[in-house]
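The lines below spell out each chain.
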Amino acid sequence: MRIDVVSIFPEYLAPLELSLIGKARQDGLLDLRVHDLREFTTDRHRTVDDTPYGGGAGMVMKPEPWAQALTAVAAGRSEDAGAPGASGSAGKPVLIVPSPAGERFTQATAHELAEEDQLVFACGRYEGIDERVLEWAADHFTVRPMSLGDYVLNGGEVAVLAMVEAIGRLLPGVVGNPESLVEESHSDGLLEYPVYTKPSSWRDRDVPAVLLSGNHGKIAQWRRHEQYRRTAERRPDLLVEFDAGKLPRADGAAFADLGYDVVDGHLVRRPDA
Ligand code: ADE
């Protein structure tokens, strides 16, 4: 996969040289390039922002440096990567614009984007990028404004670190043991079960006995029930979306204990619970 990141703070992306993503880059699994938006300005001061039309606080990112940068990045791709492959976005690279006003980035989005040939991340700062850039870019890219969550960061860079890590670890060969991608939070619409390691007793706290029993059926059942309990407690919103149609029949009872009925394959919270 090819990833290009455009930012006025390229140094912010330095952590992408470390750990699993850094190794994936060294191993040639991920071709990730960071570009300085100011390299695409033409004035002496390398200006990237200006005051907002209509007034108001803050500054807005000027359109032309973005058009120059994105054109260069899209052109670089055809030189380096040859013809577009079987990308999910009809051969166009995907332009991700991190923004609190974007669609929510989820594990499902990470899986979807991990199938693409090229992702371009445009890191906005200040009050954001002139809206016409996104309209213009739609001719060359599949444009997707994306939000990490309902809070405001100072710019897109931190969001890019998170999104690139979430996507990059799904690329074939990046995580050593692909099985570890199967049983983790959000892989099946639920939060992950709690995990423990040695010693079995620590500061008067014992590891749940079932995990020491060697009974793999019982352990799997305990872990599923812990996923249900934890998700009901911390993220009940996820249970509304959960496909309960495929639950082992006996697990309906576990949900009943948590105050949920299974109705037409969906979990419904009992009004009295
Ligand atoms: N930029 C600023 N806030 C953001 C958020 N919540 N998600 C993604 N990008 C952002």
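Computed from a predicted model, the values in this text were never measured in an experiment. (Residues numbered from 1 in each chain as written. Predicted model: local features only at pLDDT ≥ 70, side-chain atom pairs only at ≥ 80, totals over all residues. Heavy atoms only, no water.)

### Points about the side chain of Arg125
- Checked against the element boundaries, Arg125 lands in the loop between strand S6 (118-122) and helix H4 (131-137).
- A residue is classified by how much of its surface remains accessible, and Arg125, at 11% relative accessible area, is buried.
- Excluding anything up to four places from it in sequence, Arg125 contacts Ile8, Phe9, Tyr12, Met61, Asn154, Gly155 and Glu157. (Helix = DSSP H or I, 4+ residues; strand = E, 2+ residues; numbered from the N terminus. Buried < 20%, exposed > 50% of the residue type's maximum accessible area, 1.4 Å probe, protein only. Contact = heavy atoms within 4.5 Å.)

### Observations concerning the site of the ligand
- With respect to spatial proximity, the complete set of residues near the ligand consists of Pro98, Ser99, Pro100, Met146, Ser147, Leu148, Gly149, Tyr151, Val152, Leu153, Gly155 and Ala159.
- Gly149 places a polar main-chain atom, nitrogen or oxygen, 3.2 Å from a nitrogen atom of the ligand.
- Notes on the ligand: free accessible area 260 Å², of which the protein chains cover 96%.
- Contributing elements (two or more residues each) for the shell around the ligand: strand S5 (94-104) and strand S7 (142-147). (Near = heavy atom within 4 Å. Polar contact = N/O pair within 3.5 Å; in protein donor to acceptor, adjacent residues only side chain to side chain. Areas by Shrake-Rupley, 256 points an atom, 1.4 Å probe, with all protein chains shown as cover.)

### A few points about helix H1 (residues 19-26)
- Residues of H1 that are buried: Ile21, Gly22 and Ala24. The arc that holds the buried residues of H1, viewed along the axis, is 160 degrees, so those residues lie on one side. Among the exposed residues of H1, those pointing more than 90 degrees away from its buried face are Ser19 and Gln26.
- Buried residues belonging to H1 abut helix H5 (157-168).
- With its phi angle positive at about 80 degrees, Gly28 sits one or two positions after the end of H1. (Arc of directions from axis to C-beta.)

### Quick look at the pattern of salt bridges
- Taken as a whole, this structure holds 17 salt bridges when the rule is applied.
- Note that Lys23 is salt-bridged to Asp27, the shortest N-O span being 2.8 Å.
- Its relative accessible area of 43% is what places Asp27 among the partly exposed residues.
- Of the charged contacts in the structure, one is a salt bridge between Arg46 and Glu39, with a shortest N-O distance of 3.3 Å.
- Relative accessible area serves as the criterion here: at 32%, Arg46 is assigned to the partly exposed category.
- With relative accessibility at 52%, the residue Glu39 sits in the exposed group. (Salt bridge = Lys/Arg side-chain N within 4 Å of Asp/Glu carboxyl O.)

### With respect to the nonpolar core
- Residues Ile3, Ile96, Phe105, Leu119, Phe121, Val164 and Ile167 are the most contacted members of the largest nonpolar core, which totals 28 residues.
- Going through the elements one at a time, strand S1 (2-7), H1, S5, helix H3 (107-113), S6 and H5 are the ones with two or more residues in this core.
- Element by element, the count of residues in this core is highest for H5, at 7 residues.
- Setting aside residues up to four positions removed in sequence, Leu119 forms contacts with Met1, Arg2, Ile3, Asp4, Val94, Ile96, Leu113 and Ile167.
- Among the nonpolar cores identified, the runner-up in size contains 18 residues, and Ala69, Val120, Val133 and Leu134 belong to it. (Core = buried A, V, L, I, M, F, W, Y, C linked by side-chain atoms within 4.5 Å.)

### A closer look at the sheet that holds S1
- On the basis of which strands lie adjacent, the open sheet formed by 5 strands has the order S2-S1-S6-S5-S7 and parallel pairing. A single partner strand is all that each edge strand has here, and the edge strands are strand S2 (31-36) and S7. If you compare each strand with its neighbour and ignore which way they point, the axes differ by 30 degrees on average.
- Here S1 pairs with S2 via 6 bridges, running parallel. Looking across to S2, one finds that Ser7 is bridged to Asp36.
- Strands S1, S2, S5, S6 and S7 of the sheet are contacted by H5, whose axis makes an angle of about 160 degrees with S6. (Pairing = 2+ DSSP bridges. Axes fitted to C-alpha atoms, helices over the stretch in contact; angles between N-to-C directions.)

### Here's the deal with a nonpolar patch on the surface
- A cluster of nonpolar side chains, contributed by Phe9, Tyr12, Tyr151, Leu153 and Val158, occupies part of the molecular surface with about 430 Å² of accessible area.
- Along the polypeptide, Val158 turns up in helix H5.
- For Val158, a relative accessible area of 38% puts it in the partly exposed group. (Patch = residues over 30% accessible without salt bridge, like charges linked within 9 Å, V, L, I, M, F, W, Y side chains within 5 Å.)

### Focus: the pairing of strand S11 (residues 266-269)
- Pairing of strand S10 (residues 260-263) with S11 involves 4 bridges; the strand directions are antiparallel. Along S11, the bridge assignment pairs Tyr260 with Arg269.
- With antiparallel pairing between neighbouring strands as the criterion, S10 and S11 make up a hairpin whose turn holds 2 residues, including Asp264 at a positive phi of roughly 50 degrees.

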